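# Tertiary structure, described
For reference, the chains in residue letters:
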Amino acid sequence: AQSVTQLDSHVSVSEGTPVLLRCNYSSSYSPSLFWYVQHPNKGLQLLLKYTSAATLVKGINGFEAEFKKSETSFHLTKPSAHMSDAAEYFCVVSVATGGFKTIFGAGTRLFVKA
Amino acid sequence: DAGVIQSPRHEVTEMGQEVTLRCKPISGHNSLFWYRQTMMRGLELLIYFNNNVPIDDSGMPEDRFSAKMPNASFSTLKIQPSEPRDSAVYFCASGSGNTIYFGEGSWLTVV
């Protein structure tokens, strides 16, 4: 079975400080992992994805995530937060099981203080 | 590429009316998804098509909801009759391989 747990429902940081959004997953198969961002009143935009190549994945807007199999984690980071990063972030696991099954985490709301 | 295109972007309708939401997936994608997002329940998968064939409709709430994909470039999600509890944002997404790309959503309000 597959599952995704985003460990924080809300994260608040000051502008210019690092961002860490935590995600743990569980999968019986080799998973593909994704992070999506949703700004208010917008759709979900793909930030980055891991598909069994390099374990450190770079995405758009300065975000990156590291796949750690031993910890079953795929945490999202950014060295310096910007006000425009305030949004909801979703961690996603996808496995191919004769079709493909995609599981979304519950989301983490990121607040950025000036 | 224009991305996934949904229409209407916003719809306000009265209870009991039929609502049809439309989606044009990204050209070349062979998977299409309909999701519903609400504050209370978050993001829910309603139905998933692969090569125009419904593969998993276990998330469709009840018989009032139906979805079709008559060809590779068009899908509809219909609610008949609509109820206030159907008020939500409905997202269409299309996929190639295992990566999903979302549309901007259709904001539905049933009064």
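Attention in this report is confined to the structure presented alongside it. (Residues numbered from 1 in each chain as written. Chains lettered and ligands numbered in written order. Predicted model: local features only at pLDDT ≥ 70, side-chain atom pairs only at ≥ 80, totals over all residues. Heavy atoms only, no water.)

A count of helices and strands for chain A gives zero helices and twelve strands. Along chain A, helices (α) and strands (β) appear in the sequence β-β-β-β-β-β-β-β-β-β-β-β when read from the amino end. Taken over C-alpha atoms, the radius of gyration comes to 14 Å for chain A, in line with the 13 Å a tight globule of 114 residues would show. Taking the principal axes of its C-alpha atoms as reference, chain A extends roughly 45 × 30 × 20 Å. Per-residue burial for chain A yields a buried fraction of 45% across its 114 residues. Sequence-distant contacts in chain A: of pairs separated by 6 or more residues, those separated by 24 or more amount to 56%. (Helix = DSSP H or I, 4+ residues; strand = E, 2+ residues; numbered from the N terminus. Rg over C-alpha atoms; globule rule 2.2 N^0.38 Å. Buried < 20%, exposed > 50% of the residue type's maximum accessible area, 1.4 Å probe, protein only. Contact = heavy atoms within 4.5 Å.)

The next subject is the packing of aromatic side chains. For the structure on display, the rule yields 15 aromatic pairs over all chains. With a centroid separation of 4.9 Å and 5° between ring planes, the pair formed by Phe33 of chain B and Tyr48 of chain B is classed as stacked. Taken together, the residues span a long stretch of sequence, with Phe33 of chain B in strand E4 (residues 31–38) and Tyr48 of chain B in strand E5 (residues 42–50) at a distance of 15 residues. Overall, Phe33 of chain B belongs to the buried group, its relative accessible area being 2%. You can call Tyr48 of chain B buried: its relative accessible area is 5%. Following the ring pairs from residue to residue traces out a cluster consisting of Phe34, Tyr36, Phe90 and Phe104 of chain A together with Phe33, Tyr35, Tyr48, Phe91, Phe102 and Trp107 of chain B. (Phe/Tyr/Trp six-rings, centres within 6.5 Å; stacked < 30°, edge-to-face > 60°.)

The final tally for this structure, using the stated rule, is 13 salt bridges over all chains. A salt bridge links Lys42 of chain A to Glu104 of chain B, with the shortest nitrogen-to-oxygen separation between them at 4.0 Å. Taken together, the positions of Lys42 of chain A in the loop between strand E5 (32–38) and strand E6 (44–50) and Glu104 of chain B in the loop between strand E10 (99–102) and strand E11 (106–110) put the pair across two chains. Across the salt bridge formed by Arg64 of chain B and Glu83 of chain B, the nearest N and O atoms sit 3.5 Å from each other. (Salt bridge = Lys/Arg side-chain N within 4 Å of Asp/Glu carboxyl O.)

Counting residues in each nonpolar core, the largest one holds 26 residues, and the members touching the most others are Trp35, Leu76 and Tyr89 of chain A. Broken down by element, the residue count for this core peaks at four residues, all from strand E10 (residues 87–96) of chain A. Setting aside its immediate chain neighbours within four residues, Tyr89 of chain A contacts Gln6, Leu21, Trp35, Tyr36, Val37, Leu47, Phe63, Leu76, Gly107, Thr108 and Leu110 of chain A. The next biggest cluster of nonpolar side chains, apart from the first, holds 21 residues, and it includes Val19, Leu21, Ile47 and Ala88 of chain B. (Core = buried A, V, L, I, M, F, W, Y, C linked by side-chain atoms within 4.5 Å.)

Taken residue by residue, the interface counts 17 residues in chain B and 17 residues in chain A. Taken together, both faces of the contact between chain B and chain A bury some 1400 Å²; the carbon and sulfur share is 56%. The tally of links from chain B across to chain A stands at one salt bridge. The tally of links from chain B across to chain A stands at four residue pairs in polar contact (both at pLDDT 80 or more). Listing elements by their share of the side of chain B that touches chain A, those giving two or more residues are E4, E5 and E10 of chain B. Tallied by class, the residues present in the side of chain B that touches chain A amount to nine nonpolar, six polar and two charged. (Buried area = accessible area lost by both parts, 1.4 Å probe. Polar contact = N/O pair within 3.5 Å; in protein donor to acceptor, adjacent residues only side chain to side chain. Nonpolar A, V, L, I, M, F, W, Y, C, P; charged D, E, K, R; others polar.)

Let's shift gears to the environment of Ile26 of chain B. Relative to the helices and strands, Ile26 of chain B is located in the loop between strand E3 (19–24) and E4. Taking C-alpha positions, Ile26 of chain B is 18 Å from Pro54 of chain B, a pair spaced 28 residues apart along the chain.

Our next topic: the sheet that holds strand E8 (residues 74–79) of chain B. Residues and elements named next belong to chain B. With antiparallel pairing, the four strands of this open sheet are ordered in space as E1-E3-E8-E7. Here the strands that pair on one side only, and so sit at the sheet edges, are strand E1 (5–7) and strand E7 (65–71). Going across the sheet, the axis of each strand differs from the next one's by a mean of 15°, ignoring polarity. Here three bridges tie E1 to E3, and the two strands are oriented antiparallel to one another. Its bridge partner being in E3, Gln6 is matched across the sheet by Cys23. (Pairing = 2+ DSSP bridges. Axes fitted to C-alpha atoms, helices over the stretch in contact; angles between N-to-C directions.)

It is worth spelling out the side chain of Glu44 of chain B at this point. Residues and elements named next belong to chain B. Among the secondary structure elements, Glu44 is positioned in strand E5. In this structure Glu44 comes out as buried when scored by relative accessible area, which is 16%. Those residues within four positions of Glu44 in sequence are excluded, and the remaining contacts are Trp34, Tyr35 and Arg36.

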